[in-house]
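One letter stands for each residue in the lines below.
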Amino acid sequence: MKYFPLITIPLTIFAGIHLLGDRRFLIIAGLVLIQAMLPIIVLFEGRKPPARVLVTMATLCAIAVAGRIAFFMLPQFKPMLALVIISGTALGKEKGFLIGAATIIVSNMFFGQGPWTPWQMFALGSIGYVAGVIFYEKKIRRIPLAIYGALAAIIIYGGIMNPASVLMFQPQPTAEMFILAYATGFPFDAVHAVATVVFLLLTARPMLEKIERMKVKYGDV
């Protein structure tokens, strides 16, 4: 179950595109979100966590959405990815994945839903998931976290969204199209990486310290 979203969500996106078409992207996005929630539901059923867990997750998601909206005038230079990494680092991989996926579908209500939404949900959710795998319950240092943020922006987010742009809009994709997508997308990925590093260096320590104090005071969140 812990690897469930990473396996089923890409299959859902591909199947949805071929069977439903891009005009059904909201159905695909809904299925992606449901699958992202399943590990959390199973986890909650086993542990019966208090309401503060949901409140913490909702708050981090809301901050990430607000950060994307607040920096709308700066394309790609947004704190959203950094906040999802912080969420996965503080709360673990399953919660990091759900916060990343939910952040996209909520913020796209302001920026516009489209066939790109499920891809973005999977990309950002994966970044939160991997952050949880690498950093959860470990001593956190800002530099390794910032390095991961830069690599995640280029390799994970760009590595998913660049080929996705070809698959979404080209009925007969070729290798040259994918290479061109990576080449044209890299400058945007680089800006995204710089923004993620900056926001992680500025916000990771105070936010992680606050969440850690909550864990000490109220128990695991």
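Residues numbered from 1 in each chain as written. Predicted model: local features only at pLDDT ≥ 70, side-chain atom pairs only at ≥ 80, totals over all residues. Heavy atoms only, no water.

Draft legend 1. Spotlight on unusual backbone geometry. You will see that Gln 76, though not glycine, has its phi angle at about 70°, which is positive. Following the sequence through the fold, Gln 76 ends up in the loop between α3 (51-70) and α4 (80-91). The backbone of Glu 137 sits at a positive phi, close to 60°, despite the residue not being glycine. Structurally, Glu 137 is set in the loop between α6 (116-135) and α7 (142-169). In this structure Glu 137 comes out as exposed when scored by relative accessible area, which is 69%. (Helix = DSSP H or I, 4+ residues; strand = E, 2+ residues; numbered from the N terminus. Buried < 20%, exposed > 50% of the residue type's maximum accessible area, 1.4 Å probe, protein only.)

Draft legend 2. Representation of the packing of α6 against α7 within the structure. Between α6 and α7, the shortest axis-to-axis distance is 10 Å and the interhelical angle comes to 155°. In terms of axis orientation, α6 runs roughly antiparallel to α7. For α6 against α7, the interelement crossing comes out right-handed. Contacts from Trp 116, Trp 119, Gln 120, Phe 122, Ala 123, Leu 124, Ser 126, Ile 127, Val 130, Ala 131, Ile 134 and Phe 135 of α6 reach α7 at Pro 144, Leu 145, Tyr 148, Ala 152, Ile 156, Tyr 157, Ile 160, Met 161, Ala 164, Leu 167, Met 168 and Phe 169. Class assignment for the residues of the contact of α6 with α7 results in 22 nonpolar, 2 polar and no charged. (Axes fitted to C-alpha atoms, helices over the stretch in contact; angles between N-to-C directions. Parallel < 35°, antiparallel > 145°, perpendicular 65-115°, else oblique. Left-handed = near helix turned anticlockwise from the far one by under 90°. Contact = heavy atoms within 4.5 Å. Nonpolar A, V, L, I, M, F, W, Y, C, P; charged D, E, K, R; others polar.)

Draft legend 3. Spatial organisation of the layout of surface pockets. By volume, the largest pocket amounts to about 530 Å³. In terms of lining, the largest pocket is formed by 19 residues, of which the most central are Gln 76, Gln 120, Tyr 157, Phe 188 and His 192. Those elements that place two or more of their residues in the lining of the largest pocket are α5 (93-111), α7 and α8 (175-218). Of the residues that constitute the lining of the largest pocket, the class distribution is 9 nonpolar, 7 polar and 3 charged. Volume-wise, the second largest pocket comes out at about 330 Å³. Contributing to the lining of the second largest pocket are 18 residues, with Lys 138, Ile 140, Leu 208, Glu 209 and Glu 212 lying nearest its centre. Those elements that provide at least two residues to the lining of the second largest pocket are α4, α7 and α8. In terms of residues, the lining of the second largest pocket owes the most to one element, α8, which gives 7 residues. (1 Å grid on protein atoms, 1.4 Å probe; cavity = no way out; pocket = protein on both sides within 12 Å on 5 of 7 lines; lining within 4 Å. Points joined across faces, edges and corners; volume = space filled by probe spheres on them.)

Draft legend 4. A look at the packing of aromatic side chains. On inspection of all chains with the given rule, the structure shows 4 aromatic pairs. Look at Phe 71 and Phe 199: their rings are 5.2 Å apart centre to centre, the planes differ by 80°, and that puts the pair in the edge-to-face class. Of this pair, Phe 71 sits in the loop between α3 and α4 while Phe 199 sits in helix α8; the two residues are 128 residues apart in sequence, bridging distant segments of the chain. Each ring, one from Phe 97 and one from Tyr 129, has its centre 6.4 Å from the other, and the planes form 85°; the classification is edge-to-face. Of the two residues, Phe 97 is situated in helix α5 and Tyr 129 in helix α6; the sequence distance between them amounts to 32 residues. (Phe/Tyr/Trp six-rings, centres within 6.5 Å; stacked < 30°, edge-to-face > 60°.)

Draft legend 5. Summary view of α6. With 20 residues, α6 extends 28 Å from end C-alpha to end C-alpha; this agrees with the ideal 28 Å at 1.5 Å per step. With respect to burial, α6 is a largely interior element, 16 of its 20 residues being buried. Count one or two residues on from α6 and you reach Glu 137, which has phi positive near 60°. (Expected span 1.5 Å × (residues − 1).)

Draft legend 6. Looking closely at the pattern of salt bridges. Inspection of every chain in the model, using the stated rule, returns 1 salt bridge. Between Lys 93 and Glu 94 there is a salt bridge, and its shortest N-O distance comes to 3.9 Å. (Salt bridge = Lys/Arg side-chain N within 4 Å of Asp/Glu carboxyl O.)

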